[in-house]
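Given next are the chains, with one letter for each unit.
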Amino acid sequence: MKQTIALGLLLTFLSPSLAAADDWPTYMHDNARSGVSGETLKLPLQLEWDYSTPLPPQPAWPDSAKWDGWSKTYNLKTRQVFDRVYHVAVGDGAVYFGSSSSDQVYCLDADTGKKRWSFFTEGPVRLAPMLHDGRVYFGSDDGYVYCVEAADGKLVWKHRPGPHPRRIPGNGRVISVWPVRGSLVLQDGLLHGAAGMFPSEQVYVFALDPATGEEAWKTPQDDLPVQGYLLASSTRLYTPSGRNNPIVFDRGNGKRLRVVEGQGGTYALLTGNQIVFGPGKTGELGLVEGDQQDQLAQFAGNHMIVTPSMSYLHTDTHLSGLDRPQYLAHSRIRKALMGEHRGHRDALKKLGADGDKAEIEKHKAEMARISTRLQEVAEDLKKCILYNQPCGQSLSLILAGDMLFAGGTGEVAAYGGDNGKQLWKHKVDGNVYGLAVAGGRLFVSTDTGRIYCFQAAQ
């Protein structure tokens, strides 16, 4: 396993929740997009109901080209997969999702799968709604942010962050020049989001009063779009930028702080003020920590789940479990050693070939010592890999209690978090890009437009 994998799992766990453990009020459960629920489902699960929408999702962007001739990079990953399925939010006995095909937000009864209500917008709703205090918040490609009552779908308010209602052809539809494709996150009494995907027309990152829709602040930018699910910590707001890299903002006043380095993508996980994102061109996740701009690590993988004691890495073919505290301890040592090695290397460059021979030999000896120590630390890191099991479902991953649920092509499966062994599997129609657990149920969303509900067998 690559050393970059080892470094990629140096995380501090944070999972700011919007609701009780038995709800799933937003995409990937919380504002950190942790994908972690406190519920434990009893296996085996059986199909309780499935809901089929009239039309399958209409993603904004097609798959990536298979190769990049300029950089001679092959087997390219699709970096914009935020709207491949109808991702759900679940709370108070109801299931909510938006449709990119029928321009609606739907509410289903969680017990029966029957439709309770739907609300029409004037453009595709590409991202999952967010639930809070009996209200449902969402954005649309028509350029508006909406707030409706969770009970009946009645409109409470709508707000247009963009400066004008002008619309144009875009992604095969008629959309706003400033579509709301930055999902909504509610943190510390403010509703954050983003509108716009054409930098030449300005892109707006904003914060609203969730009760009224009035703007608290709005930051324009003219170089990068915002597409995908935003993330929020206690002090920072992170906006994915499609194929580009995430942008970091001060959440209190909207000041843009930096663009982190990496290979882009709309998948992201936040742990404290550390962000993991990707999948880049070839399926690599990058980790940027704290107030840094450059990456601490890069590693092969599709998804990651982090808890205080364990880190789980999900690749195209395997599922790995790591002892997170030990990984953290050994990796701190490795980072310090690498810094020392760079210092001696830079000193050698400064001395040059004609420099003081004794000084040159001293630096070379130190570099050799550090290299040996780095090899020892690499072995220590490998010992922290508790298991590396085959996994045939590579499209999505969440953790519920002590079980991991993975979605793949035509099936969903459960794995033991302690050993990575498969415990249960069920066939479905389509590719499973969406998973959620709430109220004792597993919800599965596929790219055929179907939503499945599984529950413990009676």
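Residues numbered from 1 in each chain as written. Predicted model: local features only at pLDDT ≥ 70, side-chain atom pairs only at ≥ 80, totals over all residues. Heavy atoms only, no water.

Caption draft 1: Representation of the environment of Trp-61 within the structure. Within the secondary structure, Trp-61 is located in the loop between β2 (45-52) and β3 (67-68). The class for Trp-61 is partly exposed, based on a relative accessible area of 27%. Taking the C-alpha atoms as reference points, Trp-61 and Phe-82, separated by 21 residues in sequence, lie 9.7 Å from one another. In contact with Trp-61, other than residues within four places in its own chain, are Gln-80, Phe-82, Arg-84, Asn-171, Arg-181, Met-197 and Gln-227. At 3.0 Å, the side chain of Trp-61 and the side chain of Gln-227 are in polar contact. (Helix = DSSP H or I, 4+ residues; strand = E, 2+ residues; numbered from the N terminus. Buried < 20%, exposed > 50% of the residue type's maximum accessible area, 1.4 Å probe, protein only. Contact = heavy atoms within 4.5 Å. Polar contact = N/O pair within 3.5 Å; in protein donor to acceptor, adjacent residues only side chain to side chain.)

Caption draft 2: Structural view of the nonpolar core. In this structure, Phe-405, Leu-442, Phe-443 and Phe-454 are the most contacted members of the largest nonpolar core, which totals 39 residues. If you tally residues by element for this core, the top one is strand β34 (residues 422-438), at 7 residues. Every residue in contact with Phe-443, bar those within four places of it in the chain, is listed here: Trp-49, Val-88, Val-90, Val-95, Gly-434, Leu-435, Ala-436, Ala-438, Tyr-452 and Cys-453. (Core = buried A, V, L, I, M, F, W, Y, C linked by side-chain atoms within 4.5 Å.)

Caption draft 3: Summary view of the sheet that holds β34. Taking strand neighbours across the sheet as the criterion, the 8 strands line up as β1-β31-β32-β33-β34-β35-β36-β2 in an open arrangement whose pairing is mixed. Each end of this open sheet is capped by a strand with a single partner; those strands are β1 (36-37) and β2. In the sheet, β2 pairs with strand β36 (residues 450-456) via 7 bridges, with the strands oriented antiparallel. Within the sheet, the bridge partner assigned to Asp-50 lies in β36 and is Tyr-452. (Pairing = 2+ DSSP bridges.)

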